[in-house]
Amino acid sequence: MAKSYYEILGVNKSASEDDIKSSFRKLARQYHPDLHPGDEVAANKFKEINEAYETLSDPQKRAEYDAVQSGGAGFAGFGGGRPGAGGDPHGGATFFDEFINMFSNDPRGGRGGDSRSSGGDISLNVTLTFEEAAYGTQKEITVNRFEPCSSCHGTGAKNGTQYVKCTNCGGTGKVRYAQETPFGRAVSMKPCNVCGGSGRIIKEPCPVCSGHGSMRKNSNLRITFPPGVEPNQIMTIPGEGERTRTGTKAGNLILTITVLPHKNFKRKGLDLLIDIPVTFTQALLGDKVLVPTLKGSKIAFSLPEGAQSGMTFKLKEQGLENPKKQLKGDLLVTIDIELPKNLSKDQKQKIKELHESFKAEQYEKAREYMKKS
């Protein structure tokens, strides 16, 4: 038996909208096709997740789905062929649409009209620099998508007005047909296969779009990326996906974000991490050490006497900032003690004399090691 939409998203039937959204984002990030090139299983899983979310994130669709589930109509067939769910983006009504329509007087199909009224989603990769992801930025991206023809205004007819009434459906856009259902034989309605559910036939097709009503073109969008974007994070921009012939409902633009590495810094949440080299004399005697910041300036901190390689020092509130939550991260500085090379004979002699002046108890790690050996 096929899984229900709730099982696909890993939530229970009483899940809140936030729970559903949170689970969808987690699963979409895990199975996004751009992260699994050539993996058909991941691609199908991603479509399944999107299909489930499209229904459960819409209160009306969710209520209708729950009604069918509790009525025993089953999962199979619900949403098959819905735009953006892996089926035909211009497909006809599904069994669920037809089932709902049996009890509805809505001539458009009981779910807000023609099945072509919803556009598909578009997925793109966007690359940000480390700084852009950390501090937020605006970028102009190009989206190739179908948009209503400007010549016929999306109607598909020359000058946008040349129509005649469809004789097959009498202009209603629907035709009656009988279907065997789990509840017996029922007479229902479906979109007219001649006019596609519009009730009208184009008398003279638009010469610009050849009667399709839409054309593929590049659109430039300016997208705002908030501070603190994570690598592989998925951002959904509502309404910036595929346009529809009528323009009533567009799909979403789904962005998968790649963050370029920085030559010095790494991130852990709002904290910035950096490794810096210090000389062995600085580590022995202590010193003021200059540390670079992500914005290009430098700040000083006091390296204590006897610092050991690998020690990490925290510089409070010198990391990234989350303006919404009014939080600031820290700058975590890890030191790497560098020993000098190419020593002269005189330098070697001085170091040897210095070494001989040290007492055994001044080497804590060596002393502990010898006790265990």
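Keep in mind the model is a prediction, meaning the values are calculated, not measured.

Concerning the overall build of the protein chain
Within the protein chain one finds nine helices and 17 strands. In the protein chain, which comprises 373 residues, the share counted as buried stands at 35%. About 22,400 Å² of surface is accessible on the protein chain, with carbon and sulfur atoms providing 51% of the total.

So, the sheet that holds strand 1 (residues 122-128)
Across the sheet, which stays open at both edges, the three strands sit in the order 1-9-8 with mixed pairing between neighbours. On the outer flanks of this sheet lie strand 1 and strand 8 (234-237), each paired with one strand and no other. Direction aside, the axes of adjacent strands within the sheet are offset by 30 degrees on average. Here strand 8 pairs with strand 9 (residues 253-259) via four bridges, running antiparallel. Bridge pairing in strand 9 links T236 to I254.

Re the state of the cysteines
Going through the model one piece at a time under the given rule, you end up with zero disulfides. In this structure C195 is a free cysteine whose sulfur lies 3.8 Å from that of C192, the closest cysteine sulfur available. With a relative accessible area of 9%, C195 lands in the buried category. Unpaired in this structure, C209 has its nearest cysteine sulfur neighbour in C152, at a distance of 3.7 Å.

Thoughts on the packing of aromatic side chains
Using the criterion set out here, one finds five aromatic pairs in the structure. Consider the rings of F24 and Y53, whose centres lie 4.0 Å apart with planes at 10 degrees: the pair is stacked. In this pair, F24 sits in helix 2 (residues 17-31) while Y53 sits in helix 3 (residues 40-56), placing the two residues 29 residues apart along the sequence. Measuring from ring centre to ring centre gives 5.6 Å for F301 and F313, while their planes differ by 40 degrees; the resulting arrangement is tilted. Of this pair, F301 sits in strand 13 (residues 298-303) while F313 sits in strand 14 (residues 312-315), and the two are 12 residues apart along the sequence. A connected cluster of aromatic rings, assembled from ring pairs, spans Y5, Y6 and Y65. Between the NZ or CZ atom of R216 and the centre of the ring of F146, over which it lies, the distance is 4.2 Å. Against the face of Y135 rests K295, its NZ or CZ located 5.2 Å from the ring centre.

Cut-off values and rules
Residues numbered from 1 in each chain as written. Predicted model: local features only at pLDDT ≥ 70, side-chain atom pairs only at ≥ 80, totals over all residues. Heavy atoms only, no water. Helix = DSSP H or I, 4+ residues; strand = E, 2+ residues; numbered from the N terminus. Buried < 20%, exposed > 50% of the residue type's maximum accessible area, 1.4 Å probe, protein only. Areas by Shrake-Rupley, 256 points an atom, 1.4 Å probe, with all protein chains shown as cover. Pairing = 2+ DSSP bridges. Axes fitted to C-alpha atoms, helices over the stretch in contact; angles between N-to-C directions. Disulfide = S-S within 2.5 Å. Phe/Tyr/Trp six-rings, centres within 6.5 Å; stacked < 30°, edge-to-face > 60°. Lys NZ or Arg CZ within 6 Å of the ring centre and 35° of its normal.

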